[in-house]
Structures are given as C-alpha cells and as structure tokens.
Amino acid sequence: MPRPIAARIQPDAVRHNLQLARQIASGARAFAVIKANAYGHGIERIYPALAGAEGIALLDLDEAVRVRELGWTKPLLLLEGIFEPADVELAVAHRLTVAVHCDEQLDMLAAAKSQRPVDIQLKMNSGMNRLGFRPHAFRAAWERARGIRSIGAIGLMTHFANADDGQIDWQLDTFDAAVQGLPGEQSVSNSAGVLWHPRAHRDWVRPGTILYGASPTGVARHVEGFGLRAAMTLTSRIIGVQTLAPQETIGYGRTFEVDRPMRVGVVACGYADGYPRHARTGTPIAVDGVRTRIVGRVSMDMLTVDLTPCPQAGIGSSVELWGDQVRVDEVAEASGTIGYELMCALARRVPVVVADAADPAPAAQAHGERVAAA
Ligand SMILES: *Cc1c(COP(=O)(O)O)cnc(C)c1O
C-alpha cells in the first residue's frame, strides 16, 4: 500500500470558477492564467476546463508549447515576454502574444528577421515597480514598438500591486493618463480586479487564483458568497491514535500540552508533502467530514489532530487537509502565507488523481477516479 495521501484535481471546479469570473467581468474576454503549472494543479489536468476562455496566459515558453501541443489555437500570452533573442522565433512559430516590459525586449524584436509579426502587450509599470515601462516613458515605447516590423498588434497592460485591499485607483488613474489616445486592447485585472473592480475589467481580464477556488487576498472569508469551488483537494487518512492524559504533550518541541484527556489522530501528511510546517495549533482540518484542528507541530511525514469533535474517528478515517470543507486559504492564514503558495508547493511525492467530469462530489472517494498520467 502507498501512503494514503492524495491530491484530487477537479477540472469541473476550474470550469465552474472560470464561468463565474466570466459572468462577473461579463464585458471582457478572459485570459485564464495557468502559470506555475496551473498553480500546481497540472496544465494537462485542467486544460479541458479552459475551453470557455478566449485566451491563456502563462510564463514559461515550454509551458506555452505544451499548451499549443494540447491543441489550443486561441491567444496565448507570455506574461513576462521573451528572455533572449532566440525566443522570438519560438514566439512566431507558436503564435504567442508576448508581454514587452523593457527596451531590451524591443531590441530583440527589432533585430528579429521573422516573416510573421508577433502580437505584443506593452506593459506599463504603473506603481508595482516590478516589470514595465514607467508612465512617462510609455508613449515613446509604444511609438517605437509601432515602428518595429516584427511587431503586430499592440495591447496595453499593467498589473496591480494591491487589487486585494481595494486600492487600485491610483494605479488605474496613472495608467489611463499615460495611455490616453493610444489605440489597443487593454488588460489590467488579475483575480482581485475581476472580483472587486469593475472599472478595471476593460477588454481582457487575467484571472488566476480564483480559477482554482482560492482567494486573491489569501483570506477565505473575502470570497465567501462568490461560490468558488476548490480545484484541489488534499486528502489523507488517520494512521495512528493516541489517548493523552492531562499535562502530556504532542510531537516535536512539545509545543502543545493537553489540559484534559484527549484523543489525538496521527495523519499521514507532513511538510514533505507540501503542508506548511508553520501551520499553528488550531489550523482547521476535517476528519470524517467533521471540522476540527491540528495540534502540535507539523513534522515531515505526519501531523496530529484533535479528535474531540469526532469521537467515532479512528485508524483509517478520511482526512481533508484542504478542499471544499477546509479552504486552502484557511490553512494558509494559519501558516502566515496565502493559498497560492500552498497550491504551488504541493510536493512531487503526493499522488495526484483527476476527478471525472461527471463526479462533482468533493468528498467522493477513490471510486470514479483515474490516476493522472504524469
Ligand atoms: C499571476 C498574474 C496574474 C493572475 O493573478 P491572480 O492574482 O492569480 O489572479 C495576472 N497578471 C499577471 C501579469 C500575473 O503575473
């Protein structure tokens, strides 16, 4: 028997969340963002759920090639653009749209001898201060891009530093002032922009994390009511039970001491599976469908849970680490991070199963599943 841990990927949840995003930003077309191997879910696994998107956006050229090989014929955007001159030919060959955020990338495109032009999204640094042309230099960059033969359509994009706490107007005002009068389709919204900033929907939105059911703020309750579904459910089982007497402690560092008799379940999941070691005592977890809490320190291969709310639970009981009962953001919040990081950090050793499209039940067991190829 392998260890009982598994991550269950539900393409249907991605389809549902994409549909929601499209309803909320109903005037815009959508680039589904699937960078970082679809935020850890696996591009090939969730690809069938993306049919409703007008475009796909990601970072790595090799991931873009994989998406074309899967049969994607619609726009495919490289969010950081090209990294070296040779990438131009690949962009041409695979009909990629590339972000252009610096003069060096314009140089590479200007030097290219390609037959077909490459569509670009000219990126403005409107205040995030990572990638992009400064607002005062943006118009000149646009003029230069327009004069480069190997460049086709020029879109206008920027990225928000804190779309999650409501403060985007300062960046959007900067962007609008700098692009005034310039033609070209605009794309400025990530997931938070989609959910909370209709003013920022524009021509194309770029939702990422909400497609997987996670909160752009990292706080689960901020997305309550939108009806997002978890695309990844991490499950395992209880492999040991201890009954502790008052004053006994649990696990490494003896960080948790019981003050009353307590049954504690030992779950086959640890930080080597991608569960955060910093998850505090009290982090929610579900055992046999009942929400309870982890107690003590997470170790490499195991963690421990308070079985008080589920006295019937014992060895073999099913555990949901995160999914639809316990949102990945709740685990992240209790660990000082955001759901994005946990989804992306799922360890390679965790077996992944893909749920059948016809099987939406998040708690469904191995029945009706197939093991994903790779
Ligand atoms: C990652 C990314 C997105 C998607 O962000 P989410 O917060 O996951 O929706 C959108 N645009 C750019 C440029 C990105 O890098």
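Residues numbered from 1 in each chain as written. Predicted model: local features only at pLDDT ≥ 70, side-chain atom pairs only at ≥ 80, totals over all residues. Heavy atoms only, no water.

A. Just the side chain of Thr292, in detail. Inspection of the secondary structure puts Thr292 in strand 15 (residues 290-293). Judged by its relative accessible area of 9%, Thr292 falls in the buried class. Side-chain polar atoms of Thr292 contact the backbone oxygen of Asp306, separated by 2.6 Å. Ignoring anything within four residues of it in the chain, the contact list for Thr292 reads Thr283, Pro284, Ile285, Val287, Asp306, Pro309 and Cys310. (Helix = DSSP H or I, 4+ residues; strand = E, 2+ residues; numbered from the N terminus. Buried < 20%, exposed > 50% of the residue type's maximum accessible area, 1.4 Å probe, protein only. Polar contact = N/O pair within 3.5 Å; in protein donor to acceptor, adjacent residues only side chain to side chain. Contact = heavy atoms within 4.5 Å.)

B. Inspection of the confidence of the model for the protein chain at higher detail. On average, residues of the protein chain carry a pLDDT of 94, and 94% of them reach 70 or more. Every residue in residues 360-374 is under pLDDT 50, and counting partners more than four places away or in other chains gives 28 contacts. (pLDDT = per-residue confidence, 0-100.)

C. Spotlight on empty space enclosed by the protein. Counted by the stated rule, this structure contains two cavities of 30 Å³ or more. For the lining of the largest cavity, the two domains that each supply at least three residues are domain 1 (11-223) and domain 2 (232-372). Size it by volume and the second largest cavity reaches roughly 40 Å³. Forming the walls of the second largest cavity are Lys123, Met124, Asn125, Ser126, Met128, Arg130, Leu131, Thr158 and His159. Looking at the lining of the second largest cavity residue by residue, the class counts come to three nonpolar, four polar and two charged. (1 Å grid on protein atoms, 1.4 Å probe; cavity = no way out; pocket = protein on both sides within 12 Å on 5 of 7 lines; lining within 4 Å. Points joined across faces, edges and corners; volume = space filled by probe spheres on them. Domains from an automatic or database assignment. Nonpolar A, V, L, I, M, F, W, Y, C, P; charged D, E, K, R; others polar.)

D. Layout of the pattern of salt bridges. For the coordinates displayed, the defined rule picks out 18 salt bridges. Ionic pairing is found between Glu143 and Arg146, a salt bridge with its closest N-O pair at 3.0 Å. In this pair, Glu143 and Arg146 both sit in helix 7 (residues 135-146), three residues apart, roughly one turn of the helix. Bridged by salt links that share partners, the residues Asp169, Asp173, Asp176, Arg199 and Arg202 form one connected network. (Salt bridge = Lys/Arg side-chain N within 4 Å of Asp/Glu carboxyl O.)

E. Expanded view of the UniProt feature "binding site: substrate" (unreviewed entry) in the protein chain. According to UniProt, the feature "binding site: substrate" (unreviewed entry) maps to Arg130 and Met300 in the numbering used here. These annotated residues cover 171 residues of sequence, and their C-alpha atoms reach 34.8 Å apart at the extremes, leaving them scattered rather than at a single site. From the list above, the second largest cavity is lined by Arg130. Take Arg130: it is sitting in the loop between strand 6 (118-124) and helix 7. Secondary-structure assignment places Met300 in the loop between strand 15 and strand 16 (303-306). (UniProt positions renumbered as here; feature names shortened; annotations may be inferred.)

F. How the structure looks around the UniProt feature "active site" (unreviewed entry) in the protein chain. UniProt records the feature "active site" (unreviewed entry) at Lys35 and Tyr252, using the numbering of this structure. The named residues occupy 218 residues along the chain; their greatest pairwise C-alpha distance, 36.0 Å, places them well apart from one another. Here, the largest pocket is lined by Lys35 out of the annotated residues. Structurally, Lys35 is set in helix 2 (residues 35-39). The contacts of Lys35, once residues within four sequence positions are left out, are Ala57, Leu58, Leu59, Glu63 and Leu79. On the secondary structure map, Tyr252 appears in the loop between strand 11 (249-250) and strand 12 (256-257).

G. Broad picture of the domain arrangement of the protein chain. You can read the domains of the protein chain as domain 1 (11-223) and domain 2 (232-372). Distance between the C-alpha centres of domain 1 and domain 2: 35 Å. Taken together, the contact pairs 17 residues of domain 1 with 15 residues of domain 2. With both chains or domains summed, domain 1 and domain 2 bury close to 1,400 Å², and 62% of this area falls on carbon and sulfur atoms. Along the contact surface separating domain 1 from domain 2 lie zero salt bridges. Where domain 1 packs against domain 2, one counts three residue pairs in polar contact (both at pLDDT 80 or more). The set of elements that each furnish at least two residues to the side of domain 1 that touches domain 2 consists of helix 1 (11-24) and helix 2. Residue composition of the side of domain 1 that touches domain 2, by class: eight nonpolar, seven polar and two charged. (Buried area = accessible area lost by both parts, 1.4 Å probe.)

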